[in-house]
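Examining the three-dimensional arrangement
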Amino acid sequence: MMSHCIMGEPSLEEAFRRGIRFYELFTDDIRMSLENDGDRTYFKVAFSHPELDPQNYFLDFWLSIWYRTIGWLGGRVAPLYAATFTYSKPKEHAEEFKYMFPCPCTFDALQTSLVFDRAHLQSPIVRTPRELKQFLALAPLGFMTVPGDVKSFARQVRAYLLKDRKLPLDFPEFSVVAMNLGMAEQTLRRKLKAESSSYRAVIEDIRRDLAIQTLLKGGSSVGRIAEMLGYSEPRAFTRAFREWTGCSPAEYRENFQKNVRRSPDGELIDPVGA
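This write-up is about the structure you can find in this document. (Residues numbered from 1 in each chain as written. Predicted model: local features only at pLDDT ≥ 70, side-chain atom pairs only at ≥ 80, totals over all residues. Heavy atoms only, no water.)

**Let's talk about the sheet that holds strand 3 (residues 80-84)**
- Strands sit in the order 1-2-5-3-4 across an open sheet of five strands; the sheet is mixed. This sheet does not close on itself; its edge strands, each paired only once, are strand 1 (30-37) and strand 4 (105-106).
- In this sheet, strand 4 lies alongside strand 3 in parallel orientation, the contact comprising two bridges. Paired with threonine 84 across the strands is threonine 106, a residue of strand 4.
- Across the sheet, helix 2 (residues 12-24) is in contact with strand 1, strand 2 (40-47) and strand 5 (112-117); its angle to strand 1 comes to roughly 155°. (Pairing = 2+ DSSP bridges. Helix = DSSP H or I, 4+ residues; strand = E, 2+ residues; numbered from the N terminus. Contact = heavy atoms within 4.5 Å. Axes fitted to C-alpha atoms, helices over the stretch in contact; angles between N-to-C directions.)

This is the structure in structure tokens:
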């Protein structure tokens, strides 16, 4: 509903501010502000009850949601000057931050914030209501991937591979993809290389994103997830997952479950009770 609410705003900054006001109507658990200072805009976030998020999982995810939403609305990666966090640098997944927030990250800071290029936030929203519907249909996958340029060839390849949203995944030959995108194999391969990407990299990004999404939803065994993602055996999937995240699928799900609260009857509930 928040996404639908902000679509009609004239700029990314106004959409940002309207989205913040939207959440202020419903909860005091998450305090947010958008403050301009010179050529920079500071998006600040604080939880009223940080003790409910001891590993800062939900805080990181909340920042990621906003960063990727702004990138998606504008059709390209939103430039960041910096990201600051009030907690200490995590030992187990520190490497993930350079992918989540491609900018200098400072820990043990006085506030948690993302520092945007103010000029970029004056850009208009380039997405349509139809595109929003498609984006939300894939949620939360869209919030877990780094936003790419609207016209990037890696994005076009990814969109083609996910157009049917069928599982298990079946990746066609590169020649088939190139033909459907209306170009020669060598041309598409050269354009992907210019973006520091490749067909294999796009496939691995899709597998990683869907793996994490499916894993955290629960209900599927590691073997079943491996099969859905097109791996010949669970061991190959586990090896790839460890390369992506630094831990096995079982360890990743266990760490996630440690970061959510349980109701008195044992059911999992949101880490921050908003």
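**Details of the packing of aromatic side chains**
- On inspection of all chains with the given rule, the structure shows 26 aromatic pairs.
- Centroid distance phenylalanine 85 to phenylalanine 97: 5.3 Å. Interplanar angle 75°. Geometry classified as edge-to-face. Here the residue phenylalanine 85 occupies a position in the loop between strand 3 and helix 4 (97-100), and phenylalanine 97 occupies one in helix 4, the gap between them amounting to twelve residues. Like phenylalanine 97, phenylalanine 85 is buried.
- Pairing tyrosine 87 with phenylalanine 107 gives two aromatic rings, centres 6.0 Å apart and planes at 50°, and the pair type is tilted. Of the two residues, tyrosine 87 sits in the loop between strand 3 and helix 4 while phenylalanine 107 sits in the loop between strand 4 and strand 5, which places them 20 residues apart along the sequence. The same class applies to tyrosine 87 and to phenylalanine 107, which are both buried.
- For arginine 40, the ring lying beneath its charged end belongs to tyrosine 81, and the centroid distance is 3.9 Å.
- Sitting over the face of the ring of tyrosine 231, arginine 207 holds its NZ or CZ atom 4.3 Å from the ring centroid. (Phe/Tyr/Trp six-rings, centres within 6.5 Å; stacked < 30°, edge-to-face > 60°. Buried < 20%, exposed > 50% of the residue type's maximum accessible area, 1.4 Å probe, protein only. Lys NZ or Arg CZ within 6 Å of the ring centre and 35° of its normal.)

**Section: the environment of phenylalanine 116**
- Considering the arrangement of structural elements, one finds phenylalanine 116 in strand 5.
- For the pair phenylalanine 116 and tyrosine 67, spaced 49 residues apart in the sequence, the C-alpha separation amounts to 9.5 Å.

**What about the pattern of salt bridges?**
- Tallied over the full model, the rule gives ten salt bridges.
- Here arginine 224 ties to glutamate 227 by a salt bridge, and the two come within 3.5 Å at their closest N and O atoms. In this pair, arginine 224 and glutamate 227 are both assigned in helix 10 (residues 222-228), three residues apart and thus about one turn of the helix distant.
- Judged by its relative accessible area of 36%, arginine 224 falls in the partly exposed class.
- One salt bridge in this structure joins glutamate 233 and arginine 235, with 3.6 Å as the shortest N-O distance.
- Overall, the relative accessible area of 31% leaves glutamate 233 in the partly exposed class.
- The class for arginine 235 is exposed, based on a relative accessible area of 62%. (Salt bridge = Lys/Arg side-chain N within 4 Å of Asp/Glu carboxyl O.)

These figures come from the coordinates and say nothing about function on their own.
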